[in-house]
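Inside the fold
Single-letter residue listing:
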Amino acid sequence: MANPLSDEAQILEKIKNENIKVHPLVWHLIDHYIGNDVHALQFIAGSHIVGDDPEPIPVDHGKKILHHCDEIRKFLIKLKEATREAPKKG
Amino acid sequence: MTDKIGKGLIIFILDDEKDTCHFAKEFFIKRGFEVYTASSGKAAVNTIKKIKPDIALLDIRLAEKEVTGLDVLKSIKEKHPACCCVMVTYMDDEEIIKQAMEMGALDYLKKPLMPLEIEKTIKKIVKKIRKGAKQNG
């Protein structure tokens, strides 16, 4: 996890108190893209590391890890673009 | 050495993310399973005609909508009723999970999950299968 924000608790509290919701379509995309990429990342690393005989992750599998991280980055950019508030007309 | 808990057992994995299929296969081979994978519902239905899985890990929502994880579950349960099916989903979709359990799924897991969580669930199922085999002689 990234370094926790010093005001994380307040932000979460504000989201709860003000009933700030994420549209189900947005969740659908997040679940599909980020969920699947993170799931793949866990298996790529897990297939080498989890268990009683862990081994170093080979370079080509490291490249796959980078690929999935990049897919997450690209998805977040796309999502940000799609959810950006449209400029006010007039 | 990693415990070969799956020795003599066949596991089938359906996931539309090809790397997940590939590395899940590696993960379970290391644990002694014979592993088959499919990355679409159609391919899954074809594969299960040729194999008799003891355990199936089925992704419910697939990118290709024609044949879903639930369709594959139905097909497995028709052909191999004894197969222990675990549904994998990334949503809080209680309705679909409920439907899958009614259709004969044994358990469900929510994505993304750590391989250790999967291992824990699979170990429980293997124990159940081995116990059943012992009781049946």
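Refer to the preceding data block for the structure.
Described in the following lines is the structure provided in the data block.

Looking now at the overall build of chain A. Tallying secondary structure elements over chain A gives three helices and zero strands in all. Scanning chain A from its N terminus toward the C terminus, one meets helices and strands in the order α-α-α. With the C-alpha coordinates of chain A rotated into their principal frame, the extents come out at 60 × 30 × 20 Å. A total of 90 residues make up chain A; the buried ones form 14% of that total.

Quick look at the overall build of chain B now. Secondary structure assignment for chain B yields five helices and five strands. Along chain B, helices (α) and strands (β) appear in the sequence β-α-β-α-β-α-β-α-β-α when read from the amino end. In summary, chain B has a C-alpha radius of gyration of 14 Å against a globular reference of 14 Å for 137 residues, a match within 12%. Over its C-alpha atoms, taken along the principal directions, chain B stretches across nearly 40 × 30 × 30 Å. Across the 137 residues of chain B, 42% fall into the buried class. Sequence separation of 24 or more characterises 59% of the internal contacts of chain B that already satisfy a separation of 6 or more.

Attention shifts here to the nonpolar core. In this structure, Ile11(B), Ile13(B), Ala56(B), Leu58(B), Leu73(B), Cys85(B) and Met87(B) are the most contacted members of the largest nonpolar core, which totals 38 residues. Once you skip the residues sitting within four places of it in the chain, Leu73(B) turns out to touch Leu58(B), Cys85(B), Met87(B), Ala100(B), Met103(B) and Ala105(B).

Attention shifts here to the interface of chain B and chain A. Taken together, the contact pairs 17 residues of chain B with 17 residues of chain A. Secondary-structure elements contributing two or more residues to the side of chain B that touches chain A are helix 1 (18–30) and helix 5 (115–135) of chain B. Sort the elements by how many residues they give to the side of chain B that touches chain A and helix 1 of chain B lands first, with seven residues. In terms of residue class, the side of chain B that touches chain A is built from 10 nonpolar, two polar and five charged.

Time to look at helix 2 (residues 41–50) of chain B. Residues and elements named next belong to chain B. Along helix 2, the positions that sit buried rather than exposed are Gly41, Ala44 and Ile48. Looking straight down helix 2, one finds that the buried residues subtend no more than 50° of arc, so they occupy a single side. Residues of helix 2 that are exposed and angled more than 90 degrees away from the buried face: Asn46, Lys49 and Lys50. Residues of helix 2 that are buried in the fold lie against strand 1 (10–14), strand 2 (34–38) and helix 3 (69–79).

Bringing the pairing of strand 2 of chain B into the picture now. All names here are of chain B. Strand direction decides the pairing type here: strand 1 and strand 2, joined by five bridges, are parallel. Bridging across to strand 2, Ile13 finds its partner in Thr37. Once the chain exits strand 1 it traverses helix 1 before rejoining the sheet at strand 2, and the crossover so formed is right-handed.

Turning our attention to the sheet that holds strand 5 (residues 107–110) of chain B. Residue and element names in this part refer to chain B. Taken in spatial order, the five strands make up an open sheet running 2-1-3-4-5, and their pairing is parallel. Each end of this open sheet is capped by a strand with a single partner; those strands are strand 2 and strand 5. Along the sheet, successive strands turn relative to each other by an average axial angle of 20°, direction set aside. Pairing of strand 1 with strand 3 (residues 55–59) involves four bridges; the strand directions are parallel. By the bridge assignment, Leu14 is partnered in strand 3 with Leu58. Helix 4 (residues 94–102) contacts strand 4 (84–89) and strand 5 of the sheet and is inclined by roughly 170° relative to strand 4. Docked against the sheet, helix 5 engages strand 3, strand 4 and strand 5, running at close to 170° with respect to strand 5.

What follows concerns unusual backbone geometry. Pro112(B) follows Lys111(B) through a cis peptide bond whose omega is -10°. Here Pro112(B) is to be found in the loop between strand 5 and helix 5. For Asn19(A), which is not glycine, the phi torsion reads 55° and is therefore positive. Within the secondary structure layout, Asn19(A) lies in the loop between helix 1 (8–17) and helix 2 (24–49).

On to the environment of Ile10(B), then. Residue and element names in this part refer to chain B. Looking at the secondary structure, you find Ile10 in strand 1. Look at Ile10 and you get partly exposed, because 17 C-beta atoms sit within 10 Å. As a C-alpha pair, Ile10 and Ala56 span 46 residues in sequence and 8.6 Å in three-dimensional space. Discounting residues that sit within four places of it in the chain, Ile10 has contacts with Phe33, Glu34, Tyr36, Ile51, Lys52, Pro53 and Asp54.

Thresholds, definitions, all that
- Residues numbered from 1 in each chain as written.
- Chains lettered and ligands numbered in written order.
- Predicted model: local features only at pLDDT ≥ 70, side-chain atom pairs only at ≥ 80, totals over all residues.
- Helix = DSSP H or I, 4+ residues; strand = E, 2+ residues; numbered from the N terminus.
- Buried ≥ 20, exposed ≤ 12 C-beta atoms within 10 Å, placed from the backbone.
- Rg over C-alpha atoms; globule rule 2.2 N^0.38 Å.
- Contact = placed C-beta atoms within 7 Å.
- Core = buried A, V, L, I, M, F, W, Y, C linked by C-beta atoms within 7 Å.
- Nonpolar A, V, L, I, M, F, W, Y, C, P; charged D, E, K, R; others polar.
- Arc of directions from axis to C-beta.
- Pairing = 2+ DSSP bridges.
- Right-handed = clockwise from strand over helix to strand, strands pointing away.
- Axes fitted to C-alpha atoms, helices over the stretch in contact; angles between N-to-C directions.

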